[in-house]
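As a plain string of letters, each chain reads:
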Amino acid sequence: MIELVESHASFEGTQSIYKHHSGAIDLPMRFSIYLPPQASTRRVPVLFYLAGLTCNEETFAIKAGAQRYAAEHGVALVAPDTSPRGADVPGEALTWDLGVGAGFYVDATQHPWSGRYRMYTYITRDLRETVLSSFPVLADRVGIFGHSMGGHGALVIGLRNPDLFQSISAFAPIAAPSQCPWGVKAFSGYLGEDRETWKPYDASELIGSEIAGRFKGEILIDQGLSDQFLAEQLRPEILKRNAERADRRVRLRRHAGYDHGYFFISTFMGDHIAHHARQLAGLN
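Here is a short report on the structure shown in this document.

What counts and how
Residues numbered from 1 in each chain as written. Predicted model: local features only at pLDDT ≥ 70, side-chain atom pairs only at ≥ 80, totals over all residues. Heavy atoms only, no water. Helix = DSSP H or I, 4+ residues; strand = E, 2+ residues; numbered from the N terminus. Buried < 20%, exposed > 50% of the residue type's maximum accessible area, 1.4 Å probe, protein only. Contact = heavy atoms within 4.5 Å. Areas by Shrake-Rupley, 256 points an atom, 1.4 Å probe, with all protein chains shown as cover. Lys, Arg positive; Asp, Glu negative; His and termini not counted. Charge placed at Lys NZ, Arg CZ, Asp CG, Glu CD. Phe/Tyr/Trp six-rings, centres within 6.5 Å; stacked < 30°, edge-to-face > 60°. Lys NZ or Arg CZ within 6 Å of the ring centre and 35° of its normal. 1 Å grid on protein atoms, 1.4 Å probe; cavity = no way out; pocket = protein on both sides within 12 Å on 5 of 7 lines; lining within 4 Å. Points joined across faces, edges and corners; volume = space filled by probe spheres on them. Nonpolar A, V, L, I, M, F, W, Y, C, P; charged D, E, K, R; others polar. Pairing = 2+ DSSP bridges. Axes fitted to C-alpha atoms, helices over the stretch in contact; angles between N-to-C directions. Salt bridge = Lys/Arg side-chain N within 4 Å of Asp/Glu carboxyl O.

This part takes up the overall build of the protein. Each helix and strand counted, the protein has 9 helices and 9 strands in total. Each of the three principal axes of the protein carries a C-alpha extent, and together these read 50 × 40 × 35 Å. A total of 284 residues make up the protein; the buried ones form 60% of that total. Restricting to contacts in the protein with at least 6 residues of sequence separation, those with at least 24 account for 72%. Carbon and sulfur atoms provide 49% of the accessible area of the protein, an area that totals close to 11400 Å². Of the side chains in the protein, 28 bear a positive and 31 a negative charge, and the two mean positions are spaced by 5 Å.

By convention here, two paired aromatic rings are described through the distance between centres and the angle between planes. Within the structure shown, the criterion is met by 19 aromatic pairs. When the ring of phenylalanine 104 is compared with that of phenylalanine 187, the centres are 6.5 Å apart and the planes differ by 75 degrees; the resulting orientation is edge-to-face. Note that phenylalanine 104 is positioned in the loop between strand E5 (76-80) and helix H3 (119-134) and phenylalanine 187 in helix H5 (residues 181-191), a separation of 83 residues in sequence. We classify phenylalanine 104 as buried; its relative accessible area is 0%. Residue phenylalanine 187 is classed as buried on the basis of its relative accessible area, which comes to 0%. With a centroid separation of 5.3 Å and 85 degrees between ring planes, the pair formed by tryptophan 113 and tyrosine 190 is classed as edge-to-face. With tryptophan 113 in the loop between E5 and H3 and tyrosine 190 in helix H5, the pair connects residues that are 77 residues apart, well separated along the chain. For the pair formed by tryptophan 113 and tyrosine 190, the shared burial category is buried. Put simply, the rings of Phe171, Tyr258, Phe264 and Phe268 touch in pairs and so form one group of aromatic residues. Sitting over the face of the ring of phenylalanine 165, arginine 128 holds its NZ or CZ atom 6.0 Å from the ring centroid.

This part takes up the layout of surface pockets. Size it by volume and the largest pocket reaches roughly 210 Å³. The class makeup of the residues in the lining of the largest pocket is 6 nonpolar, 7 polar and 1 charged.

The subject of this paragraph is the sheet that holds strand E6 (residues 137-147). By definition, the strands of a sheet pair up through backbone hydrogen bonds, in either a parallel or an antiparallel sense. With respect to topology, 9 strands assemble into an open sheet ordered E1-E2-E3-E5-E4-E6-E7-E8-E9, the strand pairing being mixed. Each end of this open sheet is capped by a strand with a single partner; those strands are strand E1 (2-10) and strand E9 (250-255). Across the sheet, the mean angle from the axis of one strand to that of its neighbour is 20 degrees, orientation sign disregarded. Pairing geometry for strand E4 (residues 44-50) and E6, over 6 bridges, is parallel. Bridge pairing links tyrosine 49 to phenylalanine 145 in E6. Seen against the sheet, helix H4 (residues 149-160) touches E4, E6, strand E7 (167-171) and strand E8 (219-224) and runs at an angle of roughly 140 degrees to E6.

Below, the discussion takes up the pattern of salt bridges. In this structure the tally under the stated criterion is 14 salt bridges. A salt bridge links arginine 214 to aspartate 163; its shortest N-O distance comes to 2.5 Å. With arginine 214 in the loop between helix H6 (203-206) and E8 and aspartate 163 in the loop between H4 and E7, this pair connects stretches of sequence that are 51 residues apart. Between glutamate 218 and arginine 251 there is a salt bridge, and its shortest N-O distance comes to 3.1 Å. Linking glutamate 218 in the loop between H6 and E8 with arginine 251 in strand E9, this pair joins segments that are 33 residues apart in sequence. Classification of arginine 251 by relative accessible area gives partly exposed; the value is 31%. Each of Asp222, Arg253 and Asp271 takes part in a single network of salt bridges with overlapping partners.

What follows concerns empty space enclosed by the protein. One pass over the full model with this rule turns up 1 cavity of 30 Å³ or more. By volume, the largest cavity is sized at about 40 Å³. Around the largest cavity, the lining residues are Gln15, Ser32, Tyr34, Phe60, Ala61, Ala64, Ala66, Gln67 and Leu77. At the level of secondary structure, the elements contributing two or more residues to the lining of the largest cavity comprise strand E3 (27-35) and helix H1 (59-63).

In structure tokens, the structure reads:
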């Protein structure tokens, strides 16, 4: 059961926000969805976008300028929230990089997070199944992409679930979270101190795995060279190096002058939607 919160016309399609209950989190969750004009007459491919730290389900829809390109290519766009809201977990609002707005797309195993902070299962099961059953989208033409923390989430979820997601891209992802302060803090809090439990949520570790080898498409990553978080937090060179060693197809594009924000994302959004549209069309 889903509930419409708001809806707006956009590029001959519809940009909406919905609320639904998540079994994994056991709370109401919100997501935005853009349905292009083509969806009024047929089922269309769908892309799931995972946003970064402090964002919510509205951020992508408002800031990314993606609707124009989605309408051009005839693809739907879904953007979930970045964490549970109203979970009442002690300390969840004390910092901006752990807790509210910072779910890191993992299934927490540690107290007090484990009961509610289950964003991995929310994305791969609850949200995906809700979207596929409620809207005119194609179940076998599904892509995933994201930014920063969401870029990490998109890479991990896409690589671990090649049967569910057939195309992957990322903007300035946290590419090696086990080797950066943001990732170490989140993984320690949500998953505990055993670093072996971190590996399934680290794209740089996953890229050489057998299951990642089942993903046959090219992964597109865009990175701004004036990004203030590049050297310490993002580490895309580690992912690229490990991908080359494993003979995986990762195209890392580096852009002088661009930082970490949505001006950067909106500049290359058209390229990413075209990337997904090509890969999903090539499945025919």
